[in-house]
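One letter stands for each residue in the lines below.
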Amino acid sequence: MLNRKMVKASKYQQIAVGVAQRIASGEYEVGERIKSRSTLASMFGVSPETTRKALNILADLRIVSVKHGSGAIVLSKEKAIDFLENFEMTNSLDTQKDRILQKISDQERDLQELKGLVSVYLDQTKWVQKKYPLEPYGLKLTADSEFLGKTLAEAQVWHQTGAVIVGIERNDHLLISPSPYQTFEKNDLIYFVGEELSYPRMKNLFNLD
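Residues numbered from 1 in each chain as written. Predicted model: local features only at pLDDT ≥ 70, side-chain atom pairs only at ≥ 80, totals over all residues. Heavy atoms only, no water.

## A few points about the overall build of the protein chain
Then step 1. A count of helices and strands for the protein chain gives eight helices and seven strands.
Then step 2. Expressed as a percentage of the 209 residues in the protein chain, the buried residues total 30%.
Then step 3. As displayed, the protein chain offers around 13,900 Å² of accessible surface, 52% of which is attributable to carbon and sulfur atoms. (Helix = DSSP H or I, 4+ residues; strand = E, 2+ residues; numbered from the N terminus. Buried < 20%, exposed > 50% of the residue type's maximum accessible area, 1.4 Å probe, protein only. Areas by Shrake-Rupley, 256 points an atom, 1.4 Å probe, with all protein chains shown as cover.)

Here is the structure:
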């Protein structure tokens, strides 16, 4: 089985693959002595030491036999083919892994960017609310509530939420500054002003959570 550490070694990996390809294609036949390390080094544009490491890889896989002073002898065409097939499969898996990791990295970067945008949005929202405290909130009374049918005075909205109701829209008619005797009806759109926490308190009061 192809050693993954070996596959990732760039220079002598390329030489090992190049020599194996020549063996698999029949350019180097079984029993043939492969050209000297210096000749291979010149052919591939690398150092003799890099060529030596490449031939040792092929020797470990019993594709060639390396003897000191005798060069390398081709031992097996079949094992050269197996080596190339394993290399291609492993290289393909590594490529897919790199693509997956890149996608994950891209998603993490996009998520961080989104978090930054949300943080800026929340900061700007708080700033706007502080700068323009009279900008009204709006809520539509779509849920059942014990306060539906009761007057503003009976509901005691300000005491319970800190919100001041400035308008009620009903059937496309907007009532500005409703009196304490104005009642709440289902599907009313109520407008109110108050601090930031008044909005969730109003939603809770009218069962809109």
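There's plenty left to go through after this.
## Let's talk about the nonpolar core
Then step 1. Among the nonpolar cores identified, the biggest contains 23 residues, and Ile-23, Ile-34, Leu-58 and Phe-83 are the most heavily contacted of them.
Then step 2. When contributions to this core are tallied by element, the ones reaching two or more residues are helix 2 (10-24), helix 4 (48-60), strand 3 (71-74) and helix 5 (77-131).
Then step 3. By residue number, the principal contributor to this core is helix 2, which donates seven residues.
Then step 4. Apart from residues no more than four positions distant in its own chain, Ile-34 is found in contact with Val-19, Ile-23, Tyr-28, Leu-40, Val-64, Ala-72 and Val-74.
Then step 5. Core analysis: the second largest hydrophobic core is formed by 18 residues, Leu-152, Ile-165, Ile-168 and Phe-184 among them. (Core = buried A, V, L, I, M, F, W, Y, C linked by side-chain atoms within 4.5 Å. Contact = heavy atoms within 4.5 Å.)

## Concerning the environment of Ser-65
Then step 1. Tracing the sequence through the fold places Ser-65 in strand 2 (residues 64-67).
Then step 2. In sequence terms Ser-65 and Ile-34 are 31 residues apart; their C-alpha atoms lie 10.0 Å from each other.
Then step 3. Look past the residues within four positions of Ser-65 in its chain and what remains in contact with it is Gly-71, Ala-72, Ile-73 and Leu-75.

## Regarding the environment of Ala-54
Then step 1. Position of Ala-54 relative to the elements: it lies in helix 4.
Then step 2. For Ala-54, a relative accessible area of 1% corresponds to the buried category.
Then step 3. When sequence neighbours within four positions are dropped, the list of residues in contact with Ala-54 reads Tyr-12, Ile-15 and Ala-16.

## Re a negative patch on the surface
Then step 1. A surface patch of negative charge is lined by Glu-78, Asp-82, Glu-85 and Glu-88.
Then step 2. Within the secondary structure, Glu-78 sits in helix 5.
Then step 3. With relative accessibility at 55%, the residue Glu-78 sits in the exposed group. (Patch = residues over 30% accessible without salt bridge, like charges linked within 9 Å, V, L, I, M, F, W, Y side chains within 5 Å. Salt bridge = Lys/Arg side-chain N within 4 Å of Asp/Glu carboxyl O. Lys, Arg positive; Asp, Glu negative; His and termini not counted. Charge placed at Lys NZ, Arg CZ, Asp CG, Glu CD.)

## Observations concerning the sheet that holds strand 5 (residues 164-170)
Then step 1. Pairing within the open sheet is antiparallel, and its four strands lie in the order 4-7-5-6. A strand with exactly one partner marks an edge of an open sheet, and here the two such strands are strand 4 (137-140) and strand 6 (173-176). Pairwise comparison of adjacent strand axes, ignoring direction, gives a mean angle of 25° for this sheet.
Then step 2. Pairing geometry for strand 5 and strand 7 (residues 189-193), over five bridges, is antiparallel. The residue bridging Val-164 from the neighbouring strand is Val-193, located in strand 7. (Pairing = 2+ DSSP bridges. Axes fitted to C-alpha atoms, helices over the stretch in contact; angles between N-to-C directions.)

## Quick notes on the pattern of salt bridges
Then step 1. Within the structure shown, the criterion is met by four salt bridges.
Then step 2. Note that Glu-49 is salt-bridged to Arg-52, the shortest N-O span being 2.5 Å. Of this pair, Glu-49 and Arg-52 both sit in helix 4, three residues apart, which is roughly one turn of that helix.
Then step 3. Among the residues examined, Glu-49 registers a relative accessible area of 38% and is labelled partly exposed.
Then step 4. By relative accessible area, which is 30% here, Arg-52 ends up partly exposed.
Then step 5. The partner of Glu-195 in a salt bridge is Arg-201, with the nearest N and O atoms 3.0 Å apart.

## A few points about the packing of aromatic side chains
Then step 1. If you walk through the whole model with that rule in mind, you get five aromatic pairs.
Then step 2. Aromatic pair Phe-192 and Tyr-199: ring centres 6.4 Å apart, planes at 20°, arrangement stacked.
Then step 3. A residue is classified by how much of its surface remains accessible, and Phe-192, at 0% relative accessible area, is buried.
Then step 4. The class for Tyr-199 is partly exposed, based on a relative accessible area of 28%.
Then step 5. The structure contains a cluster of three or more aromatic residues connected by ring pairs, namely Tyr-137, Phe-192 and Tyr-199. (Phe/Tyr/Trp six-rings, centres within 6.5 Å; stacked < 30°, edge-to-face > 60°.)

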